[in-house]
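# Descriptive analysis of the structure
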Amino acid sequence: MDLILFSLRARLNGFFRQNKLQRVLLLGGGIVLSGFYGWLFSYLLEQAQNGGDTSVTEVIRYINLFVLGITIIRGFFPAYVPKLDLIPRLYPIKPLKRFWVELPVELFSPFNFVLVNFLFLLFILSPSYTFMYLLQTIMVMLTAHITKRSLQVLVERKMRWLHLNFISGAVLGAAFVALQARLPMYNPAQGWMELVVHLASLGAFLGANYFLELAAMEPKRKVVNYSHNKHRSLSWRLFKNSKQARQLLLFGLGLKLIILAADAAVFTTKGIHIYDKNLTIWIFFGPAIIYSYVFNNVWGFYKNLWLTVERTTASAKDFFKSSLIPLRVPLLIDAFLLAAYIAFFNHDDAVFLVLMYAASVLVLTPLGILASFVSPKVVKGSMMSFSAKTSYLYNMLSLLLVGLLLLPLLHPLLYILYPVLIAVSVFAMVAVLRESRRYKYDLFGKLFKVEA
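Overview of the structure. What you are looking at is a predicted structure, and each value in this text was computed from that prediction instead of being measured.

### Topic: the overall build of the protein
A count of helices and strands for the protein gives 19 helices and two strands. With the C-alpha coordinates aligned to their principal axes, the bounding extent of the protein is approximately 75 × 60 × 45 Å. A fraction of 76% describes how many contacts in the protein between residues 6 or more apart in sequence connect residues 24 or more apart. For the protein, the exposed area adds up to about 24,800 Å²; of that, 69% sits on carbon and sulfur atoms. Between the centroid of the 44 positive side chains of the protein and the centroid of its 21 negative side chains there is a distance of 11 Å.

### Considerations on a nonpolar patch on the surface
Nonpolar side chains collect at one region of the surface, where Leu-33, Phe-36, Trp-39, Tyr-43, Leu-44, Ile-124 and Leu-125 lie side by side and expose about 730 Å² of accessible area between them. Broken down by secondary-structure element, the contributors of at least two residues to the nonpolar patch are α2 (20-49) and α5 (110-125). Considering every element that reaches the nonpolar patch, the biggest residue donor is α2, with five residues. Looking at the secondary structure, you find Leu-125 in helix α5.

### Points about the packing of helix α15 (residues 328-345) against helix α16 (residues 350-374)
Helices that pack against each other are described as a pair by the angle of their axes relative to one another and the distance between those axes. Where α15 contacts α16, the axes come no closer than 11 Å and their chain directions differ by 170 degrees. Classified by the angle their axes make, α15 and α16 are roughly antiparallel. Every residue of α16 that contacts α15 at Leu-331, Asp-334, Ala-335, Leu-338, Tyr-341 and Ile-342 is listed here: Ala-350, Leu-353, Val-354, Tyr-357 and Val-361. Tallied by class, the residues present in the contact of α15 with α16 amount to ten nonpolar, no polar and one charged.

### Brief notes about helix α13 (residues 303-312)
For α13, the set of buried residues is Lys-303, Leu-305, Trp-306, Val-309 and Glu-310. Around the axis of α13, the buried residues are gathered within 155 degrees of arc, so they sit on the same side. Residues of α13 that are exposed and point over 90 degrees away from its buried face: Asn-304, Arg-311 and Thr-312.

### Some points on the packing of α2 against α5
Two numbers describe how α2 lies on α5: the axes approach to 8 Å, and their chain directions differ by 35 degrees. For the element pair α2 and α5, the recorded crossing hand is right-handed. Contacts between α2 and α5 involve Leu-27, Gly-30, Ile-31, Ser-34, Gly-35, Tyr-37, Gly-38, Trp-39, Phe-41, Ser-42 and Leu-45 on the former and, on the latter, Pro-110, Phe-113, Val-114, Asn-117, Phe-118, Leu-121, Leu-122 and Leu-125. For the contact of α2 with α5, a count of residues per class yields 13 nonpolar, six polar and no charged.

### Structural notes on the pattern of salt bridges
One side chain can pair with another of opposite charge once the charged atoms of both are near each other. Inspection of every chain in the model, using the stated rule, returns three salt bridges. Between Lys-256 and Asp-334 there is a salt bridge, with the nearest N and O atoms lying 2.9 Å from each other. A residue pair is termed long-range when its members are at least 10 positions apart, and Lys-256 in helix α10 (residues 243-270) and Asp-334 in helix α15 qualify at 78 residues. Classification of Lys-256 by relative accessible area gives buried; the value is 1%. When salt bridges with common partners are traced through the structure, they connect Glu-106, Arg-149 and Glu-213 into a single cluster.

### What about the nonpolar core?
Phe-285, Trp-299, Tyr-302 and Phe-373 are the most contacted members of the largest nonpolar core, which has 63 residues in total. With 14 residues, α16 is the largest single contributor of residues to this core. Look past the residues within four positions of Phe-285 in its chain and what remains in contact with it is Lys-256, Leu-260, Asp-263, Tyr-275, Leu-338, Tyr-341, Leu-353, Met-356 and Tyr-357. Judged by nonpolar contacts, the second largest core, of 30 residues, contains Leu-122, Leu-202, Phe-205 and Tyr-210.

### Quick look at the packing of aromatic side chains
In this structure the tally under the stated criterion is 23 aromatic pairs. Between Phe-66 and Phe-118 the ring centres are 5.9 Å apart and the planes differ by 75 degrees, which places this aromatic pair in the edge-to-face class. With Phe-66 in helix α3 (residues 56-74) and Phe-118 in helix α5, this residue pair connects regions lying 52 residues apart in the sequence. Ring centres of Phe-176 and Phe-205 lie 4.2 Å apart, and the angle between their planes is 10 degrees; this geometry places the pair in the stacked category. With Phe-176 in helix α7 (residues 164-182) and Phe-205 in helix α8 (residues 192-215), the pair connects residues that are 29 residues apart, well separated along the chain. Each member of the pair, Phe-176 as well as Phe-205, is classed as buried. Put simply, the rings of Phe-36, Tyr-37, Trp-39, Phe-41, Tyr-43, Phe-66 and Phe-118 touch in pairs and so form one group of aromatic residues.

### What about the side chain of Asp-349?
Here Asp-349 shows up in the loop between α15 and α16. With no salt bridge to any partner, buried Asp-349 finds its closest opposite charge in Lys-256, at an N-O distance of 14 Å. Discounting chain neighbours no more than four positions away, the residues touching Asp-349 are Tyr-275 and Trp-282.

### Side note on the environment of Val-197
Its location among the elements puts Val-197 in helix α8. Judged by its relative accessible area of 30%, Val-197 is partly exposed. For the pair Val-197 and Gln-180, spaced 17 residues apart in the sequence, the C-alpha separation amounts to 9.4 Å. Each residue touching Val-197, except ones within four places of it in the same chain, is listed here: Leu-179 and Leu-183.

Cut-off values and rules
- Residue indices follow the written sequence of each chain, beginning from 1 at its first position.
- With pLDDT at 70 or above as the cut-off, local features in this predicted model cover only qualifying residues; side-chain atom pairs require 80 or more to be listed or tallied, and sums for whole chains, interfaces and linings still use all residues.
- Each side-chain value is worked out from all heavy atoms of the structure, with water and hydrogens disregarded.
- Helix and strand assignments follow DSSP, with helices taken as H or I runs no shorter than four residues and strands as E runs no shorter than two, numbered in order from the N terminus.
- Whether two residues are in contact is decided by their heavy atoms: any pair within 4.5 Å suffices.
- Surface accessibility follows the Shrake-Rupley procedure with a 1.4 Å probe radius. Residue values consider only the protein chains on display as shielding.
- In this tally, Lys and Arg are treated as positive and Asp and Glu as negative; His is ignored, and so are the chain termini.
- For this purpose, a charge sits on NZ of Lys, CZ of Arg, CG of Asp or CD of Glu.
- Each patch is assembled from residues with relative accessible area greater than 30% and no salt bridge, linking like charges that lie within 9 Å and nonpolar side chains (Val, Leu, Ile, Met, Phe, Trp, Tyr) that lie within 5 Å.
- For salt bridges, the criterion is a side-chain nitrogen of Lys or Arg within 4 Å of an Asp or Glu carboxyl oxygen.
- Lines are fitted to the C-alpha atoms to define the axes, a helix being fitted only along its stretch in contact, and any angle between axes, read from their N-to-C directions, falls within 0 to 180 degrees.
- Any angle between 65 and 115 degrees counts as roughly perpendicular, while under 35 counts as roughly parallel, over 145 as roughly antiparallel, and the rest as oblique.
- Side-chain classes are defined by residue name, with Ala, Val, Leu, Ile, Met, Phe, Trp, Tyr, Cys and Pro counting as nonpolar, Asp, Glu, Lys and Arg as charged, and the others, Gly among them, as polar.
- Burial classification: accessible surface area is computed with a 1.4 Å probe over protein chains only, and a residue below 20% of its type maximum counts as buried, one above 50% as exposed, and the rest as partly exposed.
- By construction, the arc corresponds to the directions joining the helix axis to the C-beta atoms.
- If you view the pair so one helix is near and one far, a crossing is left-handed when the near helix is turned anticlockwise from the far one by less than a right angle, and right-handed when it is turned clockwise.
- To qualify as a nonpolar core, a set must consist of buried Ala, Val, Leu, Ile, Met, Phe, Trp, Tyr and Cys residues joined through side-chain atoms within 4.5 Å.
- Centre distance within 6.5 Å is the pairing criterion for rings of Phe, Tyr and Trp, where only the six-membered ring of Trp is used; planes under 30 degrees apart are then read as stacked, over 60 as edge-to-face, and the remainder as tilted.

In structure tokens, the structure reads:
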């Protein structure tokens with residue numbers, strides 16, 4: 001018990017050791033958000049109790065699924081959260097004791113505090129959300145946490161698949177699945193005996209997680225594959241190995257996919273497009289997202305690539321070619337998403353979308369290279385660090401230029417703007433590349449010396 005209390009105090013002190021104001025504001029924002037969702041679900045429960053379209057049982061099922069989904073997703077999106085290794089494996093302590101120390105310390109986190117705050121506010125605000133339902137949702141939250149930490153073990157550690165501990169964990173996991181298939185935990189309990197069954201199911205899952213940790217070996221080591229084969233894509237390896245750039249690019253591509261899917265769903269059901277009501281949605285159909293997220297600061301994300309070129313040839317031509325290499329794979333994925341959308345859901349605007357997309361690439365690529373030299377930023381932390389990863393000025397300029405590329409929607413004669421904007425962007429990039437030797441000292445100072 002003393003070890004648990006000591007670990008909890010250490011974790012609490014670690015939360016606000018750095019960036020105190022930022023973390024306090026984030027925690028305060030989370031509490032406000034939990035209050036809003038508590039009021040929202042209590043309102044839905046009240047409407048259901050008064051004869052609304054949904055029943056109280058359905059709303060409580062939605063609450064449990066909401067808690068289940070957000071707890072699991074939080075471990076992997078928008079950035080992967082590593083499993084807490086509080087006690088080293090070499091420390092002379094029994095595995096069972098290590099397990100029972102780490103589990104409550106993991107649960108002691110700002111995210112879980114906000115989630116529990118939401119549940120207790122909902123319990124206070126809504127008479128329909130009884131104490132039995134509160135206990136059931138807490139069990140759902142614990143099940144989601146154990147699911148998340150099991151996935152983290154599989155991601156981070158090598159597994160002895162034929163070991164007795166893994167087989168024991170698989171048997172307990174199968175018992176958990178069998179009980180859940182018969183009586184899902186997210187469905188509202190009809191009586192206290194169902195909570196006993198859920199508790200037994202949770203116990204089996206907890207035992208499965210314990211044996212899974214015992215079956216895990218040393219941590220997986222990141223392996224970067226090098227090859228002298230000229231046919232092996234360097235652009236794919238840059239996309240695969242650059243964790244921070246990949247996170248933001250996948251987030252941006254996911255956002256674009258959601259918008260395209262939403263437009264496709266509206267068009268399928270109602271026969272209209274969402275940009276008919278809001279013209280600013282057109283911006284997301286181009287590649288502006290991947291430029292504003294990453295490629296307006298290409299040397300901030302791929303600074304080692306810049307250093308390699310600078311230490312070899314350092315010519316403007318090589319800098320230009322190196323800037324295009326990491327752009328290739330994300331741009332192909334982005335173009336594929338738009339092509340699939342056009343092929344299945346939007347033949348009417350196909351000509352405009354293709355011309356606008358091609359012009360956006362020809363305008364934003366030179367602008368991104370220019371911004372990478374003139375206004376580089378050091379990339380630190382994950383997506384949720386809330387620090388600027390690219391230049392606000394050049395991001396706004398990118399959106400402005402994409403907005404100008406949408407003017408042909410007003411009149412086809414305005415397509416004449418396309419060659420003008422492309423020429424201006426290319427001219428500005430050439431002017432900066434001619435002075436690349438002057439900018440390289442600022443680049444080195446911002447991207448490398450800052451870490452010394």
